[in-house]
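Report on the structure
Each chain, written out:
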Amino acid sequence: MSKAFTKENDSEEPDELEDEPEKVLPAGGKNYMTPAGAKRLKDELAKLLKIDRPSVVQTVSWAASNGDRSENGDYIYGKRRLREIDRRIRFLTKRLDAAEIVDPSQQKSVDRVLFGATVSLEEEDGSKRRYSIVGIDESDPAKGKISWISPLARALLNLQVGDVATLKTPEGERELEIVAIEYRPID
């Protein structure tokens, strides 16, 4: 067989080299997380450990017992899936170990924008938006959940009601006035 179709080293798998580089924490930064975000990660980790991984291990074991592994699709794809699951387990374990869980409803300084705040903003054109500042792993801009390290959240942090935040965007600077700050559980 041509050497072009073989791997020289199994450890050179691209999915083994990095753990989700798009969600890197800032150097020396903490992994702030809401209780709901931490619960989602814990639930995912439990599912991977108790359901998904044992099922794939059973499939790979069965496929290995069938003999020739070089052309055994169940074995090859099962091993690949097992590596993906193990990579995700490592990632979730590291994230949860480094997590600092902050409950927004327990915040004492409710007059300033801090982690866990739900902020109502009014833009220059009069439109209003609401954003909740959450952890990196739980951000979902479409649902109004922005990461605490996002440019918008950084522009809002430590401001009060009535303050104007200046957000630099590719289209130019936008001014956003803080209309309200709430600290409530974020689901």
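Located above this text is the structure these notes cover.
Attention here is on the structure that accompanies the text.

Each value, and the rule that gives it
Residues numbered from 1 in each chain as written. Predicted model: local features only at pLDDT ≥ 70, side-chain atom pairs only at ≥ 80, totals over all residues. Heavy atoms only, no water. Helix = DSSP H or I, 4+ residues; strand = E, 2+ residues; numbered from the N terminus. Salt bridge = Lys/Arg side-chain N within 4 Å of Asp/Glu carboxyl O. Buried < 20%, exposed > 50% of the residue type's maximum accessible area, 1.4 Å probe, protein only. Contact = heavy atoms within 4.5 Å. Pairing = 2+ DSSP bridges.

A separate point is unusual backbone geometry. Glycine aside, residues mostly have negative phi angles, and peptide bonds mostly take the trans form. With a phi angle near 70 degrees, N158 is a residue other than glycine that sits in the positive phi range. Looking at the secondary structure, you find N158 in the loop between α4 (151-156) and β6 (164-169).

Another aspect to go through is the pattern of salt bridges. Across all of its chains, the model carries twelve salt bridges by this definition. Residues E84 and R81 are paired through a salt bridge, measuring 3.5 Å at the closest nitrogen-oxygen approach. Within this pair, E84 and its partner R81 are both found in helix α3 (residues 73-97), separated by three residues, close to a single helical turn. Residue class for R81 comes out partly exposed when judged on its relative accessible area of 35%.

In this structure, G144 sits in the loop between β4 (128-134) and β5 (145-147). Take G144: its relative accessible area is 10%, and that puts it in the buried class. Between the C-alpha atom of G144 and that of V134, which follows or precedes it by ten residues, the distance is 9.8 Å. Leave out the neighbours within four places in its chain, and G144 touches R130, Y131 and S132.

The next point concerns the pairing of strand β7 (residues 172-182). Looking at chain direction, strand β3 (residues 118-123) and β7 are connected through six bridges and run antiparallel. Considered in β7, the bridge of V119 is made with I181. Here β6 runs beside β7; their pairing, made up of six bridges, is antiparallel. Following the sheet pairing, A165 is matched in β7 by L176. Two successive antiparallel strands, β6 and β7, enclose a turn made up of two residues.

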